[in-house]
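Coordinate inspection notes
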Amino acid sequence: MRLSRYFLPILKETPKEAEIVSHRLMLRAGMMRQQAAGIYSWLPLGLKVLRKIEGIVREEQNRAGALEMLMPTVQPADLWIESGRYDDYGKEMLRIRDRHDRSMLYGPTNEEMITEIFRSYVRSFRDLPLNLYHIQWKFRDEVRPRFGVMRGREFFMKDAYSFDLDMESARRAYHRMFVAYLRTFARLGMQAIPMKADSGPIGGDMSHEFIVLASTGESGVFCHKDLLDMPVPGEDVDFDSDLSPIVDAWTSLYAATDEKHDEAAFAAVPEDRRIAARGIEVGHIFYFGTKYSDPMNAKVTTADGQNVPVHMGSYGIGVSRLVGAIIEASHDDNGIIWPASVAPFDAAVVNLKQGDDATDAMCERLYGEMRNAGFDALYDDTDQRAGAKFATMDLIGVPWQVVVGPKGLASGEVELKNRATGERVSLTPEAAMNRLE
Ligand code: ATP
Ligand code: MG
Ligand code: MG
Ligand code: MG
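Presented here is an overview of the structure given in this document. Residue positions within a chain follow its written sequence, with the count starting from 1. Chains carry letters and ligands carry numbers; both start at the beginning, A for chains and 1 for ligands, and go up in the order they are written. The model is predicted, so local features are restricted to residues of pLDDT at least 70 and side-chain atom pairs to those at 80 or more, both for listing and for counting; the totals for chains, interfaces and linings are taken over all residues. To get the side-chain values, all heavy atoms of the structure are used, and hydrogens and water are removed first.

What follows deals with the coordination of the magnesium ion (ligand 4). For Na, K and Ca the donor cut-off is 3.2 Å, while for other metals it is 2.8 Å, and in both cases only N, O and S atoms qualify; water is not among them, so sites may look incomplete. Protein coordination at the magnesium ion (ligand 4) comes from Glu281 (OE) and His284 (ND1), with a distance range of 2.2 to 2.3 Å. Type-normalised accessible area, obtained with a 1.4 Å probe on protein chains alone, sets the label of each residue: buried when under 20%, exposed when over 50%, and partly exposed for intermediate values. We classify histidine 284 as partly exposed; its relative accessible area is 21%.

Here the focus is helix 2 (residues 44–63). Turn by turn, an α-helix covers 3.6 residues, leaving residues three or four places apart pointing in a common direction. With 20 residues, helix 2 should reach 28 Å at 1.5 Å per residue; the first-to-last C-alpha distance of 28 Å fits that figure. Burial in helix 2 covers these residues: Leu45, Gly46, Val49, Leu50, Ile53, Glu54, Ile56, Val57, Glu60 and Gln61. Just downstream of helix 2 lies glycine 65, where phi reads positive at about 95 degrees. By the criteria applied, helices consist of DSSP H or I runs no shorter than four residues and strands consist of E runs no shorter than two, each listed in order from the N terminus. Working rule for helices: expected span equals 1.5 Å times residues minus one.

Time to look at the site of ligand 1. One heavy atom suffices: a residue is near a molecule or strand as soon as one of its heavy atoms comes within 4 Å of it. Taken together, 14 residues lie near ligand 1, and Glu142, Arg151, Gly152, Glu281 and Arg321 sit nearest. In the analysis that follows, any N or O atom pair within 3.5 Å is treated as a polar contact, provided that within protein one partner can donate a hydrogen and the other can accept it, and provided that, for residues neighboring in sequence, both atoms belong to side chains. A distance of 2.8 Å separates a nitrogen atom of ligand 1 from a polar side-chain atom of glutamate 142. Within the backbone of valine 282, an N or O atom sits 3.3 Å from an oxygen atom of ligand 1. Coverage of ligand 1 by the protein amounts to 81% of the 580 Å² it exposes when considered alone. Note on definitions: the grid is 1 Å and covers protein atoms alone; a cavity is a set of points where a 1.4 Å probe fits but cannot get out; a pocket is an open set with protein on both sides within 12 Å along at least five of seven lines; lining residues have an atom within 4 Å of a point. Just a note on the criterion: a molecule sits in a pocket or cavity if more than half of its atoms are within 2 Å of the grid points. Taken atom by atom, the bulk of ligand 1 overlaps the largest pocket. If one sorts the elements of the shell around ligand 1 by residue count, strand 13 (residues 274–289) sits on top with four residues. The residue inventory of the shell around ligand 1, partitioned by class, reads five nonpolar, four polar and five charged. Accessible areas in this description were obtained via Shrake-Rupley with a 1.4 Å probe; residue shielding takes into account the shown protein chains only. Each residue is assigned to one of three groups, with Ala, Val, Leu, Ile, Met, Phe, Trp, Tyr, Cys and Pro labelled nonpolar, Asp, Glu, Lys and Arg labelled charged, and all others, Gly among them, labelled polar.

Right, let's get into the sheet that holds strand 20 (residues 377–380). Spatially, the five strands line up as an open sheet ordered 20-19-21-22-23, and their pairing is mixed. Each edge of the open sheet carries a strand with a single partner, namely strand 20 and strand 23 (424–427). Neighbouring strand axes in the sheet, compared pairwise and without regard to direction, differ in orientation by 20 degrees on average. In this scheme, strands are said to pair when DSSP sees at least two bridges between them. Direction of pairing for strand 21 (residues 400–404) relative to strand 22 (residues 414–418): antiparallel, over a ladder of four bridges. The residue bridging glutamine 401 from the neighbouring strand is lysine 417, located in strand 22. Helix-sheet contacts for helix 11 (residues 357–372) involve strand 19 (347–351), strand 20, strand 21 and strand 22, and the interaxial angle to strand 19 is about 175 degrees. Contacts from helix 12 (residues 386–396) reach strand 19, strand 20, strand 21 and strand 22 within the one sheet, and its direction differs from that of strand 19 by about 170 degrees. Angular values range over 0 to 180 degrees, each being the angle between N-to-C directions of two axes fitted as lines to C-alpha atoms, with helices fitted over their stretch in contact. Here, two residues are considered to be in contact whenever any of their heavy atoms come within 4.5 Å of each other.

The next subject is the side chain of threonine 302. Checked against the element boundaries, threonine 302 lands in the loop between strand 14 (299–301) and strand 15 (307–309). Within the local environment of threonine 302, its side chain forms a polar contact with the side chain of aspartate 304, the two groups lying 2.6 Å apart. In contact with threonine 302, other than residues within four places in its own chain, are Phe125, Leu165 and Val308.

With that settled, consider empty space enclosed by the protein. Grid points are joined across faces, edges and corners, and a volume is the space filled by probe spheres set on the points. Summed over the entire model, instances satisfying the criterion amount to one cavity of 30 Å³ or more. Of the pockets and cavities examined, the largest cavity occupies roughly 50 Å³. In terms of lining residues, the largest cavity is bounded by Tyr40, Trp42, Trp137, Val149, Gly152, Glu154, Phe155 and Ser320. Among the elements of the structure, strand 2 (39–42) and strand 8 (154–164) are those that each provide at least two residues to the lining of the largest cavity. Looking at the lining of the largest cavity, its residues break down into five nonpolar, two polar and one charged.

Let us now look at the layout of surface pockets. If you add up the space inside the largest pocket, you get close to 1,200 Å³. Per element, the largest residue contribution to the lining of the largest pocket is eight residues, and it comes from strand 13. Taken together, the residues of the lining of the largest pocket sort by class into 17 nonpolar, 15 polar and 15 charged. The wall of the second largest pocket is formed by 17 residues, among which Ile10, Lys12, Gln384, Ala388 and Thr392 lie closest to the centre. Here the lining of the second largest pocket takes five residues from helix 12, the largest share from any one element. Among the residues making up the lining of the second largest pocket, the classes are represented as eight nonpolar, four polar and five charged.

Set out below in structure tokens:
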């Protein structure tokens, strides 16, 4: 992408309305624009990051055996009346009437709709286990939308739903998502810790929130420090195998959100290993048994001919919230430091003297080579002064920056800058290309 043809509305001033750093940086970097409280347009740079996160979430869901589909954002109220949640959901639900005066709503989540789909097609234990997911916009009319995309009203969520014949099989489904989540957040460059979470009237031990520690987080959390160094399963993990040893290892150390916090159990953690902090909920996995299949009559026949309600779980990831959460976890005074996996661009060429023949030619060459090598490359071919160009690259967090100017070129060199470490080295253009990852 040539910056001269891109749409990157960088703000010089720090927006006053933004209380936390990720919100400030997303506005300054021209990633998104607020259209109403908690409702945002995603500008090109922001959308690129959102799509990269979505892609990683999708790959890991697929790897774990979940099947992608797409449900609509607008739902009929009938389904929610059937499940009994239409009244319970309260003011967070955006209720809509269509021209025929039918009650509709903008979906805050999809348990009812997926249960309706399931019961329409699946009748037999032979079709289980099944896990269906989609990545779709949700709407919750939050009392206090704030912190930019972190607590929006319209937000982008991955939600998966598992269907199993019994509790034991549902536990295996839960474990698959547990491991998929560990992998997903690690690939996003985040340390997300699974913490025991409220499981409502269902009870049991199958509700975990995946929490990223951050002082600006809205949840109070408590955990064992060793969880920060726990190894995450590699991509060779076999989702058909028994995953309970992995889940047991992760859940054997203390970790709970304030709702499930147990002072006595936490006191048993060695004092120097105790973390009491704030955290951001980036994902939530939850087994809820027959909570929806019972009232909505989603039943399957067992091997011995009985008709039983299917056991379900749901598994959410806040895809748009993650954009903010990643920035909270990874930035400095100059701007965003993207983990390579989600950076909007992999590498950039910075032309220090636009219009100088040799400099222009070298920039064009490097920009072409980067693209040929498969990098998502940005070329700053504008006539801004050098300082402004450096500031922009650091603000938007391009991981590798190749700076080209007439002075360096006179001795056959360009400068390679690593955004994360700040390291700058002068080297030949060939060597610079070889250093790109
Ligand atoms: P929170 O406690 O932050 O209100 P929740 O528990 O209500 O979240 P879930 O129903 O568990 O949310 O939804 C799954 C995921 O969707 C959450 O873990 C979070 O990452 C994301 N999410 C929920 N509400 C919002 C929101 N208002 N804006 C952005 N992301 C959200
Ligand atoms: Mg909520
Ligand atoms: Mg929550
Ligand atoms: Mg939750």
